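# Observations on chain architecture
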Amino acid sequence: FTDLLYINNLYPWKTQAACVGQGWYLANDMQFFVLAPIFIFLLFRKPLAGVIGTLGAIGASTIATGVITAHFKLGPSSIADINPNDFWLLYNKPWVRITPYLVGIIGGWLYWKMGEQTERGVRSLPAWLKVMCAVPLWAITIAIQYAVVFGLYDTMIAVFTTNKNPSTAVSLGYGMLARIAWGIALTTQIMLCQSGLGGFINSLLSWSGWQVLSRLTYSVFLLHIGIFTVLAAQMRHPLYIRPDFEYITFYLGFLTMSYLAAAVLYVVVEQPVANLEGITYRRTDSDKRS
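Anyway, here's the lowdown on the structure attached to this text. (Residues numbered from 1 in each chain as written. Predicted model: local features only at pLDDT ≥ 70, side-chain atom pairs only at ≥ 80, totals over all residues. Heavy atoms only, no water.)

### Things to note about the nonpolar core
Core analysis: the largest hydrophobic core is formed by twelve residues, namely Phe-32, Ala-36, Phe-39, Leu-43, Ile-58, Ile-98, Leu-102, Val-103, Ile-105, Ile-106, Trp-109 and Ile-180. Counting residues per element, the ones that place at least two in this core are helix H2 (23-45) and helix H5 (94-123). Beyond its immediate sequence surroundings of up to four residues, Ile-180 is in contact with Ile-58, Thr-62 and Thr-99. Counting residues in each nonpolar core, the second largest holds seven residues, with Trp-138, Cys-193, Leu-197 and Ile-201 among its members. (Core = buried A, V, L, I, M, F, W, Y, C linked by side-chain atoms within 4.5 Å. Buried < 20%, exposed > 50% of the residue type's maximum accessible area, 1.4 Å probe, protein only. Helix = DSSP H or I, 4+ residues; strand = E, 2+ residues; numbered from the N terminus. Contact = heavy atoms within 4.5 Å.)

### A look at H2
The end-to-end C-alpha separation of H2 is 34 Å, in line with the 33 Å expected for 23 residues at 1.5 Å each. Burial in H2 covers these residues: Gly-23, Trp-24, Leu-26, Ala-27, Asn-28, Gln-31, Phe-32, Ala-36, Phe-39 and Leu-43. (Expected span 1.5 Å × (residues − 1).)

### Focus: the environment of Phe-33
By secondary structure assignment, the location of Phe-33 is in helix H2. Residues Phe-33 and Tyr-101, 68 residues apart in the sequence, show an inter-C-alpha distance of 9.4 Å.

### So, the packing of H2 against helix H3 (residues 47-71)
Direction vectors running N to C along H2 and H3 enclose 145°, while the axes themselves pass 5 Å from each other. Crossing of H2 against H3: the hand is left-handed. Contacts from Phe-39, Leu-42, Leu-43 and Arg-45 in H2 reach Pro-47, Gly-50, Val-51, Gly-53, Thr-54 and Ala-57 in H3. Of the residues in the contact of H2 with H3, the class split is six nonpolar, three polar and one charged. (Axes fitted to C-alpha atoms, helices over the stretch in contact; angles between N-to-C directions. Left-handed = near helix turned anticlockwise from the far one by under 90°. Nonpolar A, V, L, I, M, F, W, Y, C, P; charged D, E, K, R; others polar.)

### Some thoughts on helix H6 (residues 127-150)
Because the α-helix completes a turn every 3.6 residues, residues three or four places apart line up on one side. In a regular helix each residue adds 1.5 Å, so 24 residues correspond to 34 Å; H6 covers 33 Å between its end C-alpha atoms and thus fits that length. Along H6, the positions that sit buried rather than exposed are Ala-134, Trp-138, Thr-141, Gln-145 and Val-148. Each element contacted by the buried residues of H6 is listed here: helix H8 (168-194) and helix H9 (199-205).

### A short note on the pattern of salt bridges
Inspection of the entire model under this criterion finds one salt bridge. Between Arg-123 and Glu-119 there is a salt bridge, with its nearest N and O atoms 4.0 Å apart. Here the residue Arg-123 and the residue Glu-119 both occupy positions in helix H5, the gap between them amounting to four residues, near one helical turn. (Salt bridge = Lys/Arg side-chain N within 4 Å of Asp/Glu carboxyl O.)

### A closer look at the packing of aromatic side chains
Scanning the entire structure with this criterion turns up eleven aromatic pairs. Summarising the aromatic geometry, the rings of Trp-24 and Tyr-25 are spaced 6.0 Å apart at their centres and angled 90° between planes, so their arrangement reads as edge-to-face. Under the relative-accessibility criterion, Tyr-25 is labelled partly exposed at 36%. Seen in terms of ring centroids, Phe-228 and Phe-254 are 5.1 Å apart; in terms of plane orientation they differ by 55°. Their pairing is tilted. (Phe/Tyr/Trp six-rings, centres within 6.5 Å; stacked < 30°, edge-to-face > 60°.)

### So, the environment of Gly-56
Here Gly-56 shows up in helix H3. Classification of Gly-56 as partly exposed rests on a relative accessible area of 39%. Placed 162 residues apart in sequence, Gly-56 and Tyr-218 show a C-alpha to C-alpha distance of 32 Å.

### Concerning the environment of Gly-53
Within the secondary structure, Gly-53 sits in helix H3. Between the C-alpha atom of Gly-53 and that of Val-230, which follows or precedes it by 177 residues, the distance is 45 Å.

### A look at the side chain of Ser-195
By secondary structure assignment, the location of Ser-195 is in the loop between H8 and H9. Accessibility expressed as a relative area gives 8% for Ser-195, which makes it buried. Here the side chain of Ser-195 touches Met-191 through a polar contact of 2.8 Å, landing on its backbone oxygen. Those residues in contact with Ser-195, other than ones at most four positions away along the chain, are Thr-118, Glu-119 and Val-122. (Polar contact = N/O pair within 3.5 Å; in protein donor to acceptor, adjacent residues only side chain to side chain.)

### Remarks on a nonpolar patch on the surface
On the surface, Tyr-146, Val-149, Phe-150, Trp-182, Leu-186 and Ile-190 cluster together to form a nonpolar patch covering roughly 600 Å² of accessible area. Every element with two or more residues in the nonpolar patch is listed here: H6 and H8. Of note, Phe-150 is situated in helix H6. (Patch = residues over 30% accessible without salt bridge, like charges linked within 9 Å, V, L, I, M, F, W, Y side chains within 5 Å. Areas by Shrake-Rupley, 256 points an atom, 1.4 Å probe, with all protein chains shown as cover.)

### Considering the side chain of Thr-54
In this structure, Thr-54 sits in helix H3. Ignoring any residue separated from it by four or fewer positions in sequence, one finds Thr-54 in contact with Phe-39, Leu-43, Leu-102 and Ile-106.

See below:
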């Protein structure tokens, strides 16, 4: 019942007992969706209160992450932590996860306020100045994203090798700032694309072929851990982090198998249910008109 109520990241408290392990993220997503109108309403009707409230919530989330990390002596991330309780103490909790969501809300409000004006200003710039503005911002944001995703690689190796967590400064610095940094970098990139400074990156991200894959992402999310679990249960040898080529091979194989399985689930379940919903809504509308 906790999955149906979208509280399975809160109860059972130790999410390992949940029936669908990765369902904790769906609960976070729904909880943020329910809370978002509060911040959006304030930003549109009371901008100052909205900005203060949203930034305050970001600050509170960041402080909560630091306090929990320091109190329980956790590592910077669940992949670089010897404490087995990191996942349910910190990783899957909404008060930790909401930070980039709030950054996105602020970014959307800023674009609503200044987007058209920014686009007009960018269009009036000469081509060389557009490049001079766009290249540093793209370089900085990509570097931030690279650091967030891969910055803990050596730390993770050290944790596995020594069975010791990194320093408190590393744990607090990464744990408190990584999600904010990712949210700001991604929001900046979206604004660059929207304002005409995306260049070939915007063309690549706007490719219509992504729409086909995007329809399968939900099913991929539901199925990929099950596929990995089946393979892991059948393995008769340890899987090492190195060599990297072995991991790349596994990743590409899982990616392909997950999307193939998702395509079947989409055709057999997701799309038929969506069609039934569409038929129901059309009948409801026609009944109201009659």
